[in-house]
Amino acid sequence: MTDEKMDETKKKTKKTAECCGFPVSIFFIVVNEFCERFSYYGMRAVLVLYFRYFLLWDDDLATSIYHAFVALCYLTPIMGAIIADSWLGKFKTIIYLSVVYAVGQVVMAVSTIHDITDTDRDGTPNNFTLHIALSMLGLILIALGTGGIKPCVAAFGGDQFQEHQSRQLNTFFSVFYLCINGGSLLSTLITPVLRAQECGIHTQQQCYPLAFGVPAALMVVSLVVFISGSGMYVKTDPEGNIIWAVCKCIGFAIKNRFRHRSSAHPKREHWMDWANEKYDKLLIAQVKMVLKVLFLYIPLPMFWTLFDQKGSRWTLQATTMSGDFRAFILQPDQMQTVNPILILTMVPIMDRIIFPLIKKCGLDFSPLKRMTVGMLFAAMAFVCAALVQIEIDKTLPDFPSSSESQLKVVNMFNSSLNVTISHKDTLLIDSLESSAGYVTLDHQEITVSLNSSGITKNFSLIAGGRQTLIIPSDPSVMYLKEDIKSKPREGRNAVRFVNGWTAVLNITNLESNLEPTVISNYSLVAQGTRKFVLSNGAQSCEFSQTFGFGSSYTFLIPSTLFSTDCKSIKAVEDIQPNSVHMALQIPQYFLITTGEVLFSVTGLQFSYSQAPKNMKSVLQAGWLCTNAVGNIIVLIVAELGKLPKQWAEYLLFASLLVAVSVIFSVMAYFYTYIDPAEVEAQIRSELGFEPEEEKKKETLEMEDKDKDQQNEQEVKQTKI
Ligand SMILES: C[C@H](N)C(=O)N[C@@H](CCCCN)C(=O)O
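No experiment lies behind these values; they were computed from the predicted model shown.

**Remarks on the site of the ligand**
Then, in step 1: The local shell around the ligand holds 13 residues, among which Arg 37, Tyr 41, Lys 150, Glu 596 and Asn 627 are the closest.
Then, in step 2: Note that a nitrogen atom of the ligand is positioned 3.0 Å from one of the side-chain N or O atoms of Asn 339.
Then, in step 3: At 2.9 Å from a nitrogen atom of the ligand is found a side-chain nitrogen or oxygen belonging to Glu 596.
Then, in step 4: Calculation on the ligand without its partners gives an accessible area of 410 Å², and the protein chains cover 93% of this total.
Then, in step 5: Looking at the shell around the ligand, the elements with two or more residues in it are helix 2 (25-54), helix 5 (166-196) and helix 11 (338-360).
Then, in step 6: Considering every element that reaches the shell around the ligand, the biggest residue donor is helix 5, with four residues.
Then, in step 7: Taken together, the residues that form the shell around the ligand break down as six nonpolar, four polar and three charged.
Then, in step 8: Two domains share the shell around the ligand, each providing at least three of its residues, namely domain 1 (1-240) and domain 2 (280-397 + 579-687).

Set out below in structure tokens:
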């Protein structure tokens, strides 16, 4: 037996502290995983809303950058695997890359503090470039960290077990998966709540620093927990860069085939056989097995394209819905919690009830069939998302096109008015009322005539804009005010006031006092019943209004304000609150999570079962790459596709996945399952290598020799 083999066997037989048959060290690893997944999913839950409402990017840019980040998170595992296998080993790789990860989370949290650049203290950052630069730097560091440690942590956990602990090893992987989903569940519940709080030094804003700060803290905890277990781990040395070895072998086969392309050279059974000149037969056979599986991976990215849109498009969709569940209010970014909740309940149900039942019925539900069905479930989830989107679109206001203008008229005059616009549309508006809805005009230059008073005025409207014409107590000074032309951000409500009272008013929620006849700027209020106090020196009164999600109101304050104790204030609804309930997203979450269980969980098991023992990391890296490519597809479609209707984009993705699942099922039909160990044993025996049994015997002999030596030494020591 070689020295290397003896070292390896000694490592495997190193005695570790045990509790209930489990190595104590895995406690640190599962807690570390829980905290790390909390950190990752917590940050991811609020990321798209941070892009949309803090950096003020549009939906498409926010979606693209979100998916570019997720893609990077799934490309970096290759780097992590290479560093661990060929240089640092898993333990050091996890420590160093976790430090990078924690720094990234802290940088990301700092980038969300609006006060650092809000020099004019108006609540919005003044130097967006700095915030964008910091957040991009933070995200790159996070992607390096989370992706880099991804292939190492589970494998490092596996290293802690000895040969006789295979049952405990399986339990460890189940607990590990529970920790992933437990961390994800808690963080997607908590960080949106933190985000919805208000905080700030100069002005109170949505508390993104807290929403990103808590995941950063959890990453530091994760690192500390991992380091605490340091003395107890079994630390294996780097085993050599198998990914690089595989690439070199494939590269040589291609080059050699090209060199011998003339018909003078006889064909070989498989193109990888062109590596025979340089590489041993066993390695070539192993590469062939890996390539067979990698070929099957080609259609898989499309599944992830749909799956990972939970955190982007679906979260943005939820911002246009109502999260009032009576007993509690759900934030749009909290809807993602449905995924881990369903995973935690569905995995045991599938494993213990559904799959055994299917088997009992004599149906063949092989892993590749499960994966195909998983894809179809994901496609159905997107059909549901499209249907929900159609319902939402029905409730959205008809905002003007770029050539149109929309106008609403508010009458603060003390009697009814007949308002004629451009000698065509005549609106009869009572005192302290507004026109019913907006009038849409296909031209911008208009004349407004107040028929009873003979006042006429010309106005130039904004093309593609929405405006309100305020007719104050002195109609001759009527004026235009620009209105919002999209739903208010983050499902909040936009409110403004027209002061019809005779003097300056102080109103809670408004930045400054409101002059008479003036209309205020918008201020945003959250869902629920909000109280407004209006005061002027000694006089004050208050009124309350209940808000839903995503509405806009103009409150008309009459001249009789204090004599009627605020009761005469009129609320004009400019944009109706979201009326489609977030519960309607549950079916699409249910379908995509069923797809995840069938596709993701099965796919990972399938990859492991079909990979030779020393090449599991290659397939793990390939599997994660499919995830990265899937996210790149979303950003290409979001940036290039630019479909005018969101529901059409959902249907496009669903159709693409159905087409891909048909291709995958054909590929799967021609795939023959193998037992890599058996194939390897056959080649070993063909090559005259020592069979596995022999190796085991040798290992046992070596252990006995070790024991004998130990006994001899003990005897010697006793003698001394
Ligand atoms: C939380 C989610 N349901 C989950 O289980 N995530 C796993 C697997 C991710 C599969 C690729 N997107 C994780 O490791 O985070």
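That covers the picture; the talk isn't over yet.
**Remarks on the sheet that holds strand 15 (residues 506-507)**
Then, in step 1: One open sheet accounts for three strands, arranged 15-17-18; its pairing is antiparallel. The two strands at the open ends of the sheet, each matched to only one other strand, are strand 15 and strand 18 (539-547).
Then, in step 2: Pairing geometry for strand 15 and strand 17 (residues 528-536), over two bridges, is antiparallel. The residue of strand 17 that forms the bridge with Asn 506 is Ser 535.

**Section: the packing of aromatic side chains**
Then, in step 1: A full pass over the atoms with the stated rule returns 48 aromatic pairs.
Then, in step 2: With 5.1 Å between their ring centres and 70° between their planes, Tyr 40 and Tyr 41 make a pair best called edge-to-face.
Then, in step 3: Taking the centre distance of 5.5 Å and the plane angle of 45° together, the rings of Phe 161 and Phe 172 count as tilted. Within this pair, whereas Phe 161 is found in the loop between helix 4 (128-159) and helix 5, its partner Phe 172 is found in helix 5, the two being separated by eleven residues in sequence. When sorted by exposure, Phe 161 lands in the same class as Phe 172, which is buried.
Then, in step 4: An aromatic cluster of at least three residues, connected via ring pairs, comprises Tyr 50, Phe 51, Phe 54, Trp 57, Tyr 208 and Phe 212.
Then, in step 5: Across from the ring centre of Phe 307, 3.8 Å away, lies the NZ or CZ of Lys 310, which sits over that ring.
Then, in step 6: Over the aromatic face of Phe 355 sits the side chain of Arg 370, whose NZ or CZ is 3.8 Å from the ring centroid.

**Regarding the domain arrangement of the protein**
Interfaces are frequently sized by the accessible area removed from exposure as the parts join.
Then, in step 1: Taken domain by domain, the protein holds domain 1 (1-240), domain 2 (280-397 + 579-687) and domain 3 (405-575).
Then, in step 2: Each partner contributes residues to the interface: domain 2 has eight residues there, and domain 3 has six residues.
Then, in step 3: For the pair domain 2 and domain 3, the two sides together bury roughly 600 Å², of which 70% comes from carbon and sulfur.
Then, in step 4: When the buried area of domain 2 at its contact with domain 3 is split by residue, Thr 319, Ile 329 and Pro 397 rank highest and sum to 52% of it.

Each value, and the rule that gives it
- Residues numbered from 1 in each chain as written.
- Predicted model: local features only at pLDDT ≥ 70, side-chain atom pairs only at ≥ 80, totals over all residues.
- Heavy atoms only, no water.
- Near = heavy atom within 4 Å.
- Polar contact = N/O pair within 3.5 Å; in protein donor to acceptor, adjacent residues only side chain to side chain.
- Areas by Shrake-Rupley, 256 points an atom, 1.4 Å probe, with all protein chains shown as cover.
- Helix = DSSP H or I, 4+ residues; strand = E, 2+ residues; numbered from the N terminus.
- Nonpolar A, V, L, I, M, F, W, Y, C, P; charged D, E, K, R; others polar.
- Domains from an automatic or database assignment.
- Pairing = 2+ DSSP bridges.
- Phe/Tyr/Trp six-rings, centres within 6.5 Å; stacked < 30°, edge-to-face > 60°.
- Buried < 20%, exposed > 50% of the residue type's maximum accessible area, 1.4 Å probe, protein only.
- Lys NZ or Arg CZ within 6 Å of the ring centre and 35° of its normal.
- Contact = heavy atoms within 4.5 Å.
- Buried area = accessible area lost by both parts, 1.4 Å probe.

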